[in-house]
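Overview (structure and organization)
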Amino acid sequence: MDRLKSQAAKNREAAKVLRRRGKDTAAKEMETRADELESGRVTDCTDAVSSLISWAFRP
């Protein structure tokens, strides 16, 4: 869950930069994604996928 919160924070920072550059639509998309990440509706499957890939490529 820490990865999701970290990514949400990065998305919010990116949205600020996009707004300063006049790209409001892209900024809104980044903020929406950050909201989704913080909501708990998104599942972090990074560890599961990583272990599957490691298992598939084992010697």
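The structure under discussion appears in the preceding block.
Predicted, not measured: the structure shown is a model, and the values here were computed from it.

**What to know about helix H1 (residues 2–20)**
Compared with an ideal rise of 1.5 Å per residue, which puts 19 residues at 27 Å, H1 spans 28 Å between its outermost C-alpha atoms and is within 8% of the ideal. Turning to H1, its buried residues are Leu4, Ala8, Asn11, Ala15 and Leu18. All buried residues of H1 lie within an arc of 80° about the axis, which places them on one face of the element. Looking at H1, the residues exposed on the side facing more than 90 degrees away from the buried face are Asp2, Lys5, Lys10 and Arg20. On its buried face, H1 is in contact with helix H2 (24–39). One or two positions beyond H1, positive phi appears at Gly22, with a value near 80°.

**A closer look at the pattern of salt bridges**
Enumeration according to the criterion identifies eight salt bridges in this entry. The salt bridge involving Asp44 is made with Arg3; its shortest N-O contact spans 2.9 Å. Remark: Arg3 occurs in helix H1 and Asp44 occurs in the loop between H2 and helix H3 (46–56); sequence separation between them is 41 residues. Residue class for Asp44 comes out partly exposed when judged on its relative accessible area of 28%.

What counts and how
- Here, residues in each chain are numbered from 1, in the same order as that chain's written sequence.
- With pLDDT at 70 or above as the cut-off, local features in this predicted model cover only qualifying residues; side-chain atom pairs require 80 or more to be listed or tallied, and sums for whole chains, interfaces and linings still use all residues.
- Where side-chain values are given, they derive from all heavy atoms of the structure, hydrogens and water being excluded.
- Helix and strand labels come from DSSP, where a helix needs a run of H or I of at least four residues and a strand needs a run of E of at least two; each type is numbered from the N terminus.
- By this rule the span expected of a helix is its residue count minus one, scaled by 1.5 Å.
- Throughout, exposure labels follow a simple rule: accessible area from a 1.4 Å probe, protein chains only, divided by the maximum for the residue type, with under 20% read as buried, over 50% as exposed, and the rest as partly exposed.
- Each direction from the helix axis to a C-beta atom contributes to the arc, which is the arc of those directions.
- Note on definitions: a residue-residue contact is assigned when non-hydrogen atoms from the two residues lie within 4.5 Å.
- The term salt bridge refers to a pairing of a side-chain nitrogen on Lys or Arg with a carboxyl oxygen on Asp or Glu at a separation within 4 Å.

In short, the description is geometric, and any link to function would need to be established separately.
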